[in-house]
Each structure stands twice: as C-alpha cells, then as structure tokens.
Amino acid sequence: MKQNSQRRVHFQSGLLCLFAVALLLSLSSCTGNSATKTTEGETTSPPIEKAVQETQETANEKAKEMTDEINKDVNEAIDKIEKIVKTEAEWKAQLNSLEYKVLRKKGTERAFTGAYWDNKKDGVYKCRACELPLFASETKYRSGTGWPSFYKPVDDKSVGEKEDRSLFSVRTEVICNRCDSHLGHVFSDGPPPTGLRYCINSVSLKFEEKE
Ligand SMILES: [Zn+2]
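Now for a quick tour of the structure. (Residues numbered from 1 in each chain as written. Predicted model: local features only at pLDDT ≥ 70, side-chain atom pairs only at ≥ 80, totals over all residues. Heavy atoms only, no water.)

1. Quick word on the packing of aromatic side chains
Working definition: an aromatic ring pair is given by the centre-to-centre distance plus the angle between the planes. Applicable threshold: Here is the rule: rings of Phe, Tyr and Trp (six-membered ring for Trp) pair when centre to centre is within 6.5 Å. Planes less than 30 degrees apart are stacked, more than 60 are edge-to-face, and the remainder are tilted. What counts as a helix is a DSSP run of H or I of at least four residues, what counts as a strand is a run of E of at least two, and both are numbered from the N terminus. The rule is simple: take the accessible area with a 1.4 Å probe, protein chains only, and divide by the maximum for that residue type; under 20% is buried, over 50% is exposed, in between is partly exposed.
For the coordinates displayed, the defined rule picks out seven aromatic pairs. Pairing Y116 with F207 gives two aromatic rings, centres 6.0 Å apart and planes at 55 degrees, and the pair type is tilted. Here Y116, found in the loop between helix 3 (97–104) and strand 1 (123–127), pairs with F207, found in strand 9 (residues 205–209); they are 91 residues apart in sequence, far enough to count as distant. For the pair shown, Y116 and F207 are each scored as buried. Note on Y125 and F207: the rings are 4.7 Å apart at their centroids and 45 degrees apart in plane angle, and the pair reads as tilted. Of this pair, Y125 sits in strand 1 while F207 is found in strand 9, placing the two residues 82 residues apart along the sequence.

2. Things to note about the pattern of salt bridges
Worth spelling out the cut-off: When a carboxyl oxygen of Asp or Glu lies within 4 Å of a side-chain nitrogen of Lys or Arg, that pair is called a salt bridge.
Under the defined criterion, the tally for this structure stands at 13 salt bridges. Residue D118 pairs with R142 through a salt bridge whose shortest N-O separation is 3.2 Å. Note that D118 is positioned in the loop between helix 3 and strand 1 and R142 in the loop between strand 3 (140–141) and strand 4 (149–150), a separation of 24 residues in sequence. In this structure D118 comes out as partly exposed when scored by relative accessible area, which is 36%. Beyond isolated ion pairs, a larger network of salt bridges with shared partners links D118, K120 and R142.

3. Regarding the sheet that holds strand 2 (residues 133–136)
The test is simple: Pairing between strands requires that DSSP locate at least two bridges from one strand to the other. Axis lines are fitted through C-alpha atoms, for helices just across the contact stretch, and the angle between N-to-C directions can take any value from 0 to 180 degrees.
With respect to topology, three strands assemble into an open sheet ordered 2-1-9, the strand pairing being antiparallel. Bordering the open sheet on either side are strand 2 and strand 9, each of which pairs with just one other strand. The sheet shows a mean angle of 30 degrees between the axes of neighbouring strands, direction not considered. As judged from the five bridges shared by strand 1 and strand 9, these two strands associate in the antiparallel manner. Considered in strand 9, the bridge of K126 is made with K206.

4. With respect to the coordination of the zinc ion
Basically, it comes down to this: Any N, O or S atom lying within 2.8 Å of the metal counts as a donor, and for Na, K and Ca the limit rises to 3.2 Å; water is left out, so some sites can look incomplete.
Distances from the zinc ion to its protein donors, namely C127 (SG), C130 (SG), C176 (SG) and C179 (SG), fall within the range 2.3 to 2.4 Å. Here the donor residues of the zinc ion are spaced in sequence according to C-x2-C-x45-C-x2-C.

5. What about the pairing of strand 8 (residues 197–200)?
Here strand 8 shows no split at all, with R197 and C199 on one side and Y198 and I200 on the other all buried. Pairing geometry for strand 7 (residues 182–187) and strand 8, over four bridges, is antiparallel. Across the sheet, H185 pairs through a bridge with C199, a residue of strand 8.

6. Structural notes on the nonpolar core
The test is simple: In plain words, nonpolar cores are sets of buried Ala, Val, Leu, Ile, Met, Phe, Trp, Tyr and Cys residues tied together by side-chain atoms within 4.5 Å. By definition in these notes, contact holds between two residues if any of their heavy atoms fall within 4.5 Å.
With 24 residues, the main nonpolar core has L134, F135, C176, Y198, I200 and L205 as its most contacted residues. Those elements that provide at least two residues to this core are helix 3, strand 1, strand 2, strand 6 (171–176), strand 7, strand 8 and strand 9. The contact partners of L134, leaving out residues within four places of it in the chain, are Y125, K126, C127, P153, V154, D155, S158, V159, C176, L183 and L205.

7. Looking at the environment of S166
For clarity, the cut-off: Contacts described as polar in this section are N or O atom pairs within 3.5 Å, which, within protein, must combine one atom able to donate a hydrogen with one able to accept it, while residues neighboring in sequence count only if both atoms come from side chains.
In this fold, S166 is placed in the loop between strand 5 (159–164) and strand 6. A distance of 3.4 Å separates a polar atom in the side chain of S166 from a polar atom in the side chain of R171.

8. Description of a negative patch on the surface
The condition is simple: Candidates for patches are residues over 30% relative accessible area with no salt bridge; among them, like charges are joined within 9 Å and nonpolar side chains (Val, Leu, Ile, Met, Phe, Trp, Tyr) within 5 Å. Computed by Shrake-Rupley with a 1.4 Å probe, the accessible areas treat only the displayed protein chains as cover when residues are assessed. Counted charges follow a simple rule, with Lys and Arg positive, Asp and Glu negative, and His plus the chain ends left uncounted. A charged residue contributes its charge at one atom only: NZ of Lys, CZ of Arg, CG of Asp or CD of Glu.
The grouping of E54, E57, E61 and E65 at the surface amounts to a negative patch. Locating E65 in the fold gives a position in helix 1 (residues 2–80). On the basis of relative accessibility, which here comes to 52%, the residue E65 falls in the exposed class.

9. Some remarks on the side chain of S158
Position of S158 relative to the elements: it lies in the loop between strand 4 and strand 5. We classify S158 as buried; its relative accessible area is 3%. Within the structure, the side chain of S158 is placed 2.6 Å from the backbone oxygen of D155, a separation counted as a polar contact. With residues up to four places along the chain from it excluded, the contact list for S158 reads I81, L132, P133, L134, P153, I175, C176 and N177.

10. Observations concerning helix 3
Quick reminder: α-helices carry 3.6 residues per turn. Residues three or four places apart thus point the same way. Of the residues making up helix 3, those classed as buried are E99, Y100, V102 and L103. The inward-facing, buried residues of helix 3 contact helix 2 (88–94) and strand 7. Here helix 3 starts with a cap whose side-chain oxygen sits 3.1 Å from the backbone nitrogen of L98, and that cap is N96. Looking one or two places after helix 3, you find K106, whose phi comes out positive at around 60 degrees.

Below is the structure:
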C-alpha cells in the first residue's frame, strides 16, 4: 500500500512536472506571440517611414517648384532686358557729340556742368541712349563731386560693372545693361545702406520727373 501511495505521489508529481512544463511552454509561446507582435509592430513601421519619406519628397518637390518659380521670375526679368546693339554710325546719328563721347567712348563730362548733379526733383533717371530705368531719385544724394551720385541702381540687373584700368588706376566702370553705354564709375565711399557711390555723368542720363 505504502509503495502504491508512493508511486501515486511520484505519478502526481510527474503530472505536476508535465503541467509545469506545459505551462512554461505555453508561457514561452505567449512570449513568442508577444515577440511576433513586436515583429508585427515593426512591420507596421515601414508604412510610417514611407509616409515620412513621401512627406519629405513632397516638401522637396514644393521647394523645387518654388525655386524654379523664383528662377523663372528672375530669368524673365533678365530676359526683358534685351540687348540693344547698334553700329557706331547709328549711335553717332542718334546722340550729340558730348553724349557720344561719354556714352560710347567712356568720356567724362566736366564736374558741375551737367544737368542733374544738383537736381532734387523726384523721378527716375533713365539711360540717355536706350531709356532703360537706371536710378531713382530716392537713392540720389549730395556727394559734392559735381556729378549726380546714387547709392544704388533702381535694379541690380539694370546696370553692369566692368574693370576700368585707365588713368593709371583700377576703377569699376558702370554701364547700362541693355545697350552697354558708359554711365560712370562706382566707388566704395558712399553712404549707408550700401556704402556705394555711383558717380554718373548727367549726359548719360535722361531724367523723367514723377508726376
Ligand atoms: Zn542703355
């Protein structure tokens, strides 16, 4: 009897062991399931990454569109300045001798002799040769040099700059960006906000008073 009961105990503890193993297995399979869930969680993350990537791509596309639009505007503005090319004979026929000498031969009018060095009226100064707007009265200032002086052009695209090595010095020549006529020089001793002095011949300009 005693042996039988011992066997029963053994049998029962064996069952318990089996039950415990089964429980452990089931637990581990649960853990496995939770791992699978994690994996599933991970499988859900690529769509998020994809969404982020798509958002980034859309932002990049929008930025590119904006840049293209800005470039298009700038290019269109530059395109509007169509170069005017004329023969020397044509320029001579169009301009008087002083205008021709200054505009086409890089001459300089005598200080305090031009029409605009002391002009205080509001308006726009255009190129005498092609009438492209070059300077505005708002940027004109009294430099005391005897030539009309401005601290900036009406638009950066309207005037061009060239290195001028004449008169034993290096100066920066300012030209009209449409007809390449000589306007004057730009120096770095101007007033704020640019610190530039566009020293321009009156004879290179044509003033149009603001009404
Ligand atoms: Zn011009």
